[in-house]
Amino acid sequence: MATPLISPSILSADFARLGEEVRAVDAAGADWIHVDVMDGHFVPNLTIGPGVVKALRPHSAKPFDVHLMIEPVDLFLEAFAAAGADIITFHPEAGPHAHRTVQAIKALGKQAGIALNPATPAKMLDYLIDDIDLVLVMSVNPGFGGQSFISSQLRKIEAVRKMIDKSGRRVHLEVDGGVDLVTAPQCVSAGADVLVAGTATFKGGPEHYAANIAALKGAG
Ligand code: DX5
Ligand code: ZN
């Protein structure tokens, strides 16, 4: 089976030492750095903004995979792009004009991703798939790390894989939420090529990060 890319979610890192934590997962083999941005009303949690992304930028040359769980989205795109985001992913429910938001991200020279909540069908992508660089299938309801994987999302991953293959375009299929050594291979078999992992990367502290990431890649 193909080896997935691993994008550790820094939501599970030690926030008092965030720069060191990003350096540690980078050195431990992370492919991307997943940054969860939450606004307290699109999702019931508050995390970080563009200032933190900017402060973290010098700590890793790996792609910053910025997952916006905020409403509105458009107002903040420029700030995240300027702060150093490489991939900007948003939830279409967070704004009335998802296609326009994709165009705005591309105009900033960044890669655009669409996040699908557990209840959002793959069909949402029908008129977006030809313009985006990534689909993020949420396998938990967004807002918190450490939740259990929702197995029904495996069918959605399979459906999205078919859509991507049919499009003939190079679009990443990323899965986010409850990814561990049991669910990682299920996601990869269903067609995912990037796995977000918060709890599964950061468990045990820095001396375990390399083994944790290697195990997730191996499990795929
Ligand atoms: C949830 C976030 C996830 C989360 C994943 O809203 O988007 O990225 O941090 O955490 P784990 O891997 O612990 O489920
Ligand atoms: Zn996320």
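Residues numbered from 1 in each chain as written. Chains lettered and ligands numbered in written order. Predicted model: local features only at pLDDT ≥ 70, side-chain atom pairs only at ≥ 80, totals over all residues. Heavy atoms only, no water.

J.: How do you make sense of the site of ligand 1 when you look at a structure like this?
T.: By nearness alone, 20 residues border ligand 1, and D36, G143, D176, G198 and T199 come closest of all. In this structure, D36 approaches ligand 1 through a side-chain N or O atom, which is 2.8 Å from an oxygen atom. Between ligand 1 and T199 there is a distance of 2.4 Å, counted from an oxygen atom to a side-chain nitrogen or oxygen. Its free accessible area being 380 Å², ligand 1 has 99% of it covered by the protein chains. Most atoms of ligand 1, that is more than half of them, are within 2 Å of grid points of the largest pocket. Elements with a minimum of two residues in the shell around ligand 1: β2 (33-38), β3 (64-69) and β8 (194-197). Counting residues per element, the shell around ligand 1 draws most heavily on β2, which supplies three residues. Partitioned by chemical class, the residues of the shell around ligand 1 number eight nonpolar, ten polar and two charged. (Near = heavy atom within 4 Å. Polar contact = N/O pair within 3.5 Å; in protein donor to acceptor, adjacent residues only side chain to side chain. Areas by Shrake-Rupley, 256 points an atom, 1.4 Å probe, with all protein chains shown as cover. 1 Å grid on protein atoms, 1.4 Å probe; cavity = no way out; pocket = protein on both sides within 12 Å on 5 of 7 lines; lining within 4 Å. Sits in = over half its atoms within 2 Å of the grid points. Helix = DSSP H or I, 4+ residues; strand = E, 2+ residues; numbered from the N terminus. Nonpolar A, V, L, I, M, F, W, Y, C, P; charged D, E, K, R; others polar.)

J.: Sorry if this is basic, but what is going on with the pattern of salt bridges here?
T.: Pairs can form between side chains of opposite charge once their charged atoms are near each other. In this structure the tally under the stated criterion is nine salt bridges. Note that E20 is salt-bridged to R17, the shortest N-O span being 3.2 Å. The class for R17 is partly exposed, based on a relative accessible area of 29%. Of the charged contacts, one joins E21 and R17 as a salt bridge, the two residues approaching to 3.8 Å between their closest N and O atoms. Taken together, the shared-partner salt bridges connect D14, R17, E20 and E21 into one network. (Salt bridge = Lys/Arg side-chain N within 4 Å of Asp/Glu carboxyl O. Buried < 20%, exposed > 50% of the residue type's maximum accessible area, 1.4 Å probe, protein only.)

Everything listed here is a matter of geometry and, on its own, says nothing about what the molecule does.
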